[in-house]
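Fold and contact review
The residues making up each chain are set out below.
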Amino acid sequence: QVQVVESGGGLVQPGGSLSLSCAASGSIFSIVAMGWYRQAPGKQRELVATVNSGGATNYADSVKGRFTISRDSAKITVYLQMNSLKPEDTAVYYCDVRGYDSRRSAFDAWGQGTLVTVSA
């Protein structure tokens, strides 16, 4: 079983910065990709940024140039540095981890979500 735990959400003023982290643990054999998604009130969950096992990153157009995703493979941890935050970035941010477990079965594990509120 794989566990995913996020941390770092909170309240920040427009133009401010916030950093999220997400750690995966459990019976993990290998990681395919880790990423961040978000869901604003009344909206569908959307991709924010992902990073794959090779280090390639992918960002939503709305966050390019403001958000940076990074990873620590040894710690099976992914980070999201968010700068120049806007009110429209307000959402619950979810971490997604995909890979193979110790039995070589594919898994797709999600965290419980962390709330980011951008408001004056």
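We now turn to the structure provided with this report. Values in this document were obtained by computation on a predicted structure and should not be read as measured data.

**Focus on the sheet that holds strand β7 (residues 67-72)**
- One open sheet accounts for 4 strands, arranged β1-β3-β8-β7; its pairing is antiparallel. Strand pairing shows two members of the sheet lacking a second neighbour, β1 (2-7) and β7, which therefore form its edges. Put simply, the sheet's adjacent strands are angled 15° from each other on average, direction ignored.
- The pairing of β7 with strand β8 (residues 77-82) spans 6 bridges and is antiparallel. Bridging across to β8, Asp 72 finds its partner in Thr 77.

**Here's the deal with a nonpolar patch on the surface**
- On the surface, a cluster of nonpolar side chains totalling about 270 Å² of accessible area is made up of Phe 29, Val 32 and Tyr 100.
- Structurally, the position occupied by Phe 29 is in strand β4 (residues 28-39).

**Focus: the packing of aromatic side chains**
- By the definition in use, this model includes 1 aromatic pair.
- Directly above the aromatic system of Tyr 94 lies the positively charged group of Arg 45, at a separation of 3.8 Å from the ring centroid.
- We note Arg 104 situated over the ring of Phe 29; from NZ or CZ to the ring centre the distance is 3.5 Å.

Criteria and thresholds
- Residues numbered from 1 in each chain as written.
- Predicted model: local features only at pLDDT ≥ 70, side-chain atom pairs only at ≥ 80, totals over all residues.
- Heavy atoms only, no water.
- Pairing = 2+ DSSP bridges.
- Helix = DSSP H or I, 4+ residues; strand = E, 2+ residues; numbered from the N terminus.
- Axes fitted to C-alpha atoms, helices over the stretch in contact; angles between N-to-C directions.
- Patch = residues over 30% accessible without salt bridge, like charges linked within 9 Å, V, L, I, M, F, W, Y side chains within 5 Å.
- Areas by Shrake-Rupley, 256 points an atom, 1.4 Å probe, with all protein chains shown as cover.
- Salt bridge = Lys/Arg side-chain N within 4 Å of Asp/Glu carboxyl O.
- Phe/Tyr/Trp six-rings, centres within 6.5 Å; stacked < 30°, edge-to-face > 60°.
- Lys NZ or Arg CZ within 6 Å of the ring centre and 35° of its normal.

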